[in-house]
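The chain contents come next:
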Protein chains: 4
Amino acid sequence: MRKAKTPHDPEKLQAILDTALRLFNKQGFDATPVPMIADQAKVGTGTIYRYFKNKEELVNSLFQRCKQRMQDAIFAGAEAHQNFEARFRHYCTGTLHFALEHPAEFAFLELHNHEPYLNAASRKIEDSLHGGLHRFLEEGRHAGELRNLPPTLVIALVLGAITGVFKDRHVSFKKAQVAAIVDACWVMVRAGA
Amino acid sequence: MRKAKTPHDPEKLQAILDTALRLFNKQGFDATPVPMIADQAKVGTGTIYRYFKNKEELVNSLFQRCKQRMQDAIFAGAEAHQNFEARFRHYCTGTLHFALEHPAEFAFLELHNHEPYLNAASRKIEDSLHGGLHRFLEEGRHAGELRNLPPTLVIALVLGAITGVFKDRHVSFKKAQVAAIVDACWVMVRAGA
Amino acid sequence: MRKAKTPHDPEKLQAILDTALRLFNKQGFDATPVPMIADQAKVGTGTIYRYFKNKEELVNSLFQRCKQRMQDAIFAGAEAHQNFEARFRHYCTGTLHFALEHPAEFAFLELHNHEPYLNAASRKIEDSLHGGLHRFLEEGRHAGELRNLPPTLVIALVLGAITGVFKDRHVSFKKAQVAAIVDACWVMVRAGA
Amino acid sequence: MRKAKTPHDPEKLQAILDTALRLFNKQGFDATPVPMIADQAKVGTGTIYRYFKNKEELVNSLFQRCKQRMQDAIFAGAEAHQNFEARFRHYCTGTLHFALEHPAEFAFLELHNHEPYLNAASRKIEDSLHGGLHRFLEEGRHAGELRNLPPTLVIALVLGAITGVFKDRHVSFKKAQVAAIVDACWVMVRAGA
DNA sequence: GATGAATGAGAATTCATTCAT
DNA sequence: TATGAATGAATTCTCATTCAT
């Protein structure tokens, strides 16, 4: 009388996800054979297929977990009563801190974003982040806080800028620079320049 | 006294590169078999191996060509006598125009940037772009035109912002917005905000 | 002082055999995973291996049970004092009735007959049926009741004909036709046509 | 400019089909790995997949070729002006001769008939044989030549009987017995016993 | 030089069987 | 004793690359 179709030894699951994240980052998705993940996660090859229907479901599950954690980190601790600028800075800072504290997760999200093997569910979770930011910026725009640009464009500019900082091979990024970057982002989008 | 080691039917070469670009963008590098490229480029499979040692060399060659064309487009028409801001705007505008006019090339460069199959030569060409921008920004910084940030960071922010605009699924980007985006980039980095 | 080496919950055993018969008929032997049998029989996978050494022993055991039941059905109620023709008709009728009443068992025996995974024991039980019929037909032949053909050939013809009726996808066979078929079989083999 | 999607080195194709037939007969379909077929056919594994989309298409193609050859053999040389009995005997004789001359093909058709991996096309070709016989027997029935049984039943009886002769492990069948078997089949189905 | 059929190494996935609980 | 999660050997199939034509 099986209850759970998906078995759950949380340690094994974690070992698989951690190993997959590391290897996908290092070698890419296609260049990483499933048995190699199994080996390094210290589980049998077949075990991976008890936790994930196939390799694609593994990478999507990984993507969604990381994305969700990042979203949670970004929005955590935001105070609704704060003024727009404060909240904007809070979100930017949260994103930068997440990237600093979870570089592998952040890199994974960036490198595998828009890959053809990501499925609808993965794209949906991304849309949810976008939706939240969109509403936030729409609010700021109506309040006259923002430069007169479509919110989607603003999101793309800011996220792009922040992402760029981490993706660029030449930048060695440090915590001390977070404030300066957040500042740059704010002046980029605020009204009345 | 020709060497004639490598064949040179420029039309065939172009057909191969065009087809590869299209298929890599649509399906990804690993999901695109060499025979499929050959088919759609209307050449024999073996022919591709006369122009490129292997699949990796093909993708790298493609990457380098695209990157080079983008660099040329960015720096083309820049006048040394213009002031810093004008040149900054010129470069940003050039990048955005290139992306608008060559969306496939631009997408390819973004999607395949940092992939493990890119080789040293591909990374080197990227470095050269970076070097040029670095010198330019260093100059602006000394002249007190720039916010007090390391030039590498500025490059990452600006390129990231511009790239973000094109990578974001939600943005439908139009030529009319170029000026606004360039403006946002300039205020982000200029001194004395 | 029980041995208790092999477990004996007859209900579980029956559930396993019934489920295996059903699934082997529907999907074939190789296409039926042992865990699927366990699932549908509502027992643990490992339990099957307490009743049968391996998958092959399971299918052979099933085969032998079915074959034995069919033999018993065929020979049941035959009266030694009846004349040859009556007994011949009795056996044919018995076979047809068994097939009508136990279509799954009969189909299983036909579909899996001669499969490479059947072992010596399974072939032996078939030989015993053949031996019985052989003796019977030899007797009829000596009594001048039969067409001048080797008994093995007669057995093959009659069993083949009866089997053919059930295997053919186009025939929808009914009880009312039993007598006619038995008749056809009898004229096929009787002497003095 | 490829003409044929399916390549055709007829010798290779034949080697693959011959080897597959032999191994499927000896070991069964599922127990025969594709590389084993390739090995013994002296071709590369990949080559098989140039001639057949997958293993299932191979076995179906094989089935259809064999079935077609058998049908052709059965109906070859039948004279429309002959009387019903003569044609009936002709078809039975043709079937028996085909089985004697092509035992491997005949065994393959019998052993793999009704297997779950046979597709619609394979079943259709079988139906066409059945249809031809059906029309022939319907004619004989109207002419009062046949025992009062549905033609489908007659087909099943006769084909079953003939098949039984070859499938039975105990029968060593010889050409000299063909006439006697055909005779038995005829008396089984003719009118007015 | 150009071709594309052939190849076989390597990848994803399945499933019979085991064994710790 | 019964279980079913875990395993890894074995299988199907793909595709980068070669080479005879």
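Predicted model, so just to flag it, every value in this text is computed and none were measured.

1. Regarding the domain arrangement of chain A
Residues and elements named next belong to chain A.
- One can read the domain layout of chain A as domain 1 (1-52) and domain 2 (63-189).
- In this structure, domain 1 and domain 2 have C-alpha centres spaced 29 Å apart.
- Both faces considered, domain 1 and domain 2 share a buried interface measuring about 650 Å² in area, 70% of it formed by carbon and sulfur atoms.
- Of all residues in domain 1, Leu 21, Asn 25 and Phe 29 bury the most surface against domain 2, accounting for 67% of the area lost on that side.

2. Topic: the interface of chain B and chain A
- Taken residue by residue, the interface counts 38 residues in chain B and 39 residues in chain A.
- Contact between chain B and chain A buries roughly 3,300 Å² in total, counting both sides, with carbon and sulfur atoms accounting for 64%.
- For the pair chain B and chain A, the number of links is four salt bridges.
- Between B:Glu110 and A:Lys167 there is a salt bridge whose closest N-O contact spans 3.9 Å.

3. Topic: the protein's contact with DNA strand F
- Around DNA strand F lies a shell of 35 residues, among which A:Thr47, B:Val34, C:Gly46, C:Thr47 and D:Lys55 are the nearest.
- Put simply, 66% of the atoms of DNA strand F that lie within 4 Å of the protein are in sugar or phosphate.
- In this structure, a phosphate oxygen belonging to DNA strand F sits 3.0 Å away from a side-chain N or O atom of A:Arg50.
- If one sorts the elements of the surface near DNA strand F by residue count, helix H3 (residues 45-51) of chain A sits on top with five residues.
- Residue classes in the surface near DNA strand F are distributed as 14 nonpolar, 13 polar and eight charged.

4. A short note on the protein's contact with DNA strand E
- Taken together, 36 residues form the shell around DNA strand E, and within it A:Lys55, B:Thr47, B:Arg50, C:Val34 and D:Thr47 come nearest.
- Those atoms of DNA strand E that come within 4 Å of the protein belong to sugar or phosphate at a rate of 70%.
- One of the side-chain nitrogen or oxygen atoms of A:Tyr49 is found 2.9 Å away from a phosphate oxygen of DNA strand E.
- A distance of 2.7 Å separates a phosphate oxygen of DNA strand E from a polar side-chain atom of A:Lys55.
- By residue number, the principal contributor to the surface near DNA strand E is helix H3 (residues 45-51) of chain D, which donates five residues.
- When grouped by side-chain class, the residues that make up the surface near DNA strand E number 15 nonpolar, 13 polar and eight charged.

5. Overview of the pattern of salt bridges
- All chains considered together, the criterion is met by 32 salt bridges over all chains.
- Here D:Glu138 ties to D:Arg141 by a salt bridge, and the two come within 3.9 Å at their closest N and O atoms. With D:Glu138 and D:Arg141 both in helix H7 (residues 120-142) and three residues apart, this pair spans about one turn of that helix.
- Among the residues examined, D:Glu138 registers a relative accessible area of 22% and is labelled partly exposed.
- The exposure class assigned to D:Arg141 is partly exposed, which follows from its relative accessible area of 30%.
- Salt bridges here are not isolated pairs; linked through shared partners, they connect A:Glu85, A:Arg89, A:Asp183 and B:Arg147.

6. What about the environment of D:Ala73?
Residue and element names in this part refer to chain D.
- Within the element layout of this structure, Ala 73 appears in helix H4 (residues 55-75).
- Residue Ala 73 is classed as partly exposed on the basis of its relative accessible area, which comes to 32%.
- On a C-alpha basis, the gap between Ala 73 and Tyr 91 in space is 9.0 Å, while along the polypeptide they are 18 residues apart.

7. Quick word on the relation of the copies chain B and chain A
- Relative to chain A, chain B is turned by 179° and slid 0.0 Å along the rotation axis, the superposed coordinates differing by an RMSD of 0.1 Å. Interpreted geometrically, this transformation is the action of a two-fold axis.
- The residues that chain B uses at the interface reappear at the interface of chain A in 100% of cases, marking a shared surface.

8. A short note on unusual backbone geometry
- The backbone phi angle of C:Lys42 is positive, close to 60°, even though this residue is not glycine.
- Of note, C:Lys42 is situated in the loop between helix H2 (34-41) and helix H3 (45-51).
- A relative accessible area of 75% places C:Lys42 in the exposed class.
- The backbone of D:His114 sits at a positive phi, close to 70°, despite the residue not being glycine.
- Relative to the elements of secondary structure, D:His114 occurs in the loop between helix H6 (103-112) and H7.

9. Quick notes on the packing of aromatic side chains
Residues and elements named next belong to chain A.
- In the structure shown here, the tally under the stated rule is 36 aromatic pairs over all chains.
- Ring geometry for Phe 84 versus Trp 186: centroids 6.1 Å apart, planes at 50°, classification tilted. Of this pair, Phe 84 sits in helix H5 (residues 84-101) while Trp 186 sits in helix H9 (residues 178-189), and the two are 102 residues apart along the sequence.
- Using a relative accessible area of 5% as the deciding quantity, one classes Phe 84 as buried.
- The buried category is assigned to Trp 186, whose relative accessible area is 5%.
- Aromatic ring contacts, followed pair by pair, group Phe 75, Phe 84, Phe 88, Tyr 91, Phe 136 and Trp 186 into a single cluster.
- The ring of Phe 29 is capped by Lys 55, whose NZ or CZ atom sits 4.5 Å from the centre of that ring.

The rules behind each value
- Counting restarts for each chain: residues are numbered from 1 in the order of the written sequence.
- Labels follow written order: the first chain is A, the first ligand is 1, and so on.
- Given that this is a predicted model, residues contribute local features only at a pLDDT of at least 70 and side-chain atom pairs are listed and counted only at 80 or more, while totals for whole chains, interfaces and linings are drawn from all residues.
- With hydrogens and water set aside, each side-chain value is computed from the structure's full complement of heavy atoms.
- Where each domain starts and ends comes from a domain assignment, either automatic or drawn from a database.
- By buried area we mean how much accessible surface two parts lose on assembly, using a 1.4 Å probe and totalling the loss over both.
- Every residue pair with non-hydrogen atoms within 4.5 Å of one another is taken to be in contact.
- Here a salt bridge means any side-chain nitrogen of Lys or Arg lying within 4 Å of a carboxyl oxygen belonging to Asp or Glu.
- Throughout this document, a residue counts as near a molecule or strand when at least one of its heavy atoms sits within 4 Å of that molecule or strand.
- N or O atoms closer than or at 3.5 Å make up a polar contact, with two conditions inside protein: a donor-capable atom paired with an acceptor-capable one, and, for residues adjacent in sequence, both atoms drawn from side chains.
- A run of H or I in DSSP counts as a helix once it spans at least four residues, and a run of E counts as a strand once it spans at least two, with each numbered from the N terminus.
- Classification convention: Asp, Glu, Lys, Arg as charged; Ala, Val, Leu, Ile, Met, Phe, Trp, Tyr, Cys, Pro as nonpolar; all other residues, Gly among them, as polar.
- Classification of residues uses two cut-offs on accessible area relative to the type maximum, computed with a 1.4 Å probe and protein chains only: under 20% is buried, over 50% is exposed, and between them is partly exposed.
- The least-squares superposition of copies is restricted to C-alpha atoms, and to residues with a pLDDT of at least 70 in both copies.
- Think of it this way: a Phe, Tyr or Trp ring, Trp meaning its six-membered ring, pairs with another when their centres are within 6.5 Å, and the plane angle makes it stacked under 30 degrees, edge-to-face over 60, tilted otherwise.
- Two thresholds decide whether a charge sits over a ring: the Lys NZ or Arg CZ must be within 6 Å of the ring centre and within 35 degrees of the ring normal.

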